[in-house]
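# Architecture and fold: a report
One-letter residues, chain by chain:
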Amino acid sequence: MSDEFCSCDIVHENVIEMVRAKMPQEEKLYDLAELFKVFGDTTRVKIISALFEAEMCVCDIAELLHMTQSAISHQLRVLRQARLVKHRKEGKVVFYSLDDEHIKTIFNQGLEHILEPRGFEYAIS
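Position numbers for residues count from 1 along each chain, tracking the sequence in the order it is written. Thresholds applied to this predicted model are a pLDDT of at least 70 for local features of residues and 80 or more for the giving and counting of side-chain atom pairs; totals over whole chains, interfaces and linings are not thresholded and use all residues. Heavy atoms throughout the structure, all of them, feed into the side-chain values; hydrogens and water do not.

## Considering the side chain of Gln75
Secondary structure elements follow DSSP: runs of H or I of four or more residues count as helices, runs of E of two or more count as strands, with numbering from the N terminus. Structurally, Gln75 is set in helix H5 (residues 69-81). Leave out the neighbours within four places in its chain, and Gln75 touches Asp41, Thr43, Arg44 and Ile47. By the convention used here, residues are in contact when the closest approach between their heavy atoms is within 4.5 Å.

Okay, here's the thing in structure tokens:
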């Protein structure tokens, strides 16, 4: 039998009830999953990374990432809808920046996680 499965049929009702009471509402968990989906696109992650460094307009981001302005605008729209970036207009130029400090925290936590060294995993038969 695999180490990944219990070899018994005991249900720990006290643990289940304690966890159930502390879990966020289903709707909030759905919203969280949707937020993480936005981070599931490399272009959007690159845009967020760029906006860490400076407020930028669509033209600058497109040039930086070697993409069309149309493609960048589309991704910025997704990021705006997820409240990850905000924009401000100065004359004819629209500048984008990160919406708030939470975005940096989420991004940095994910980056820290993937950069941390992994231990050796092995199974004993």
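The structure having been displayed, the exposition proceeds.
## What about the state of the cysteines?
For this text, the term disulfide refers to a pair of cysteine sulfurs within 2.5 Å. Across all of its chains, the model carries zero disulfides by this definition. The cysteine Cys57 is free of any disulfide, with Cys59 supplying the nearest cysteine sulfur at 4.5 Å. Assessed through its relative accessible area of 40%, Cys59 is described here as partly exposed. In this scheme, a residue with accessible area under 20% of its type's maximum is buried, one over 50% is exposed, and one in between is partly exposed, where area comes from a 1.4 Å probe on protein chains only.

## Observations concerning the environment of Lys89
When you line up the elements, Lys89 lands in strand S2 (residues 85-90). Expressed as a C-alpha distance, the spacing of Lys89 and His12, which sit 77 residues apart in the sequence, is 56 Å.

## Some remarks on the packing of helix H3 (residues 42-53) against helix H6 (residues 101-115)
Throughout, an axis means a line fitted to C-alpha atoms (over the contacting stretch in the case of helices), and angles, computed between N-to-C directions, take values from 0 to 180 degrees. As a packed pair, H3 and H6 sit with axes 11 Å apart at the nearest point and diverge in direction by 120°. In terms of axis orientation, H3 runs oblique to H6. You can see that H3 and H6 cross each other, and the crossing is left-handed. Along its contact with H3, which presents Val45, Ile48, Ser49 and Phe52, the element H6 presents Ile103, Lys104, Phe107 and Asn108. Three categories are distinguished: nonpolar for Ala, Val, Leu, Ile, Met, Phe, Trp, Tyr, Cys and Pro, charged for Asp, Glu, Lys and Arg, and polar for the others, with Gly belonging to the last. Within the contact of H3 with H6, the residues separate by chemical class into five nonpolar, two polar and one charged. Oblique is the label for any angle not covered by the other classes, which are roughly parallel (under 35 degrees), roughly antiparallel (over 145) and roughly perpendicular (65 to 115). Should the near helix be turned counterclockwise from the far one by less than a right angle, the crossing is left-handed, whereas a clockwise turn marks it as right-handed.

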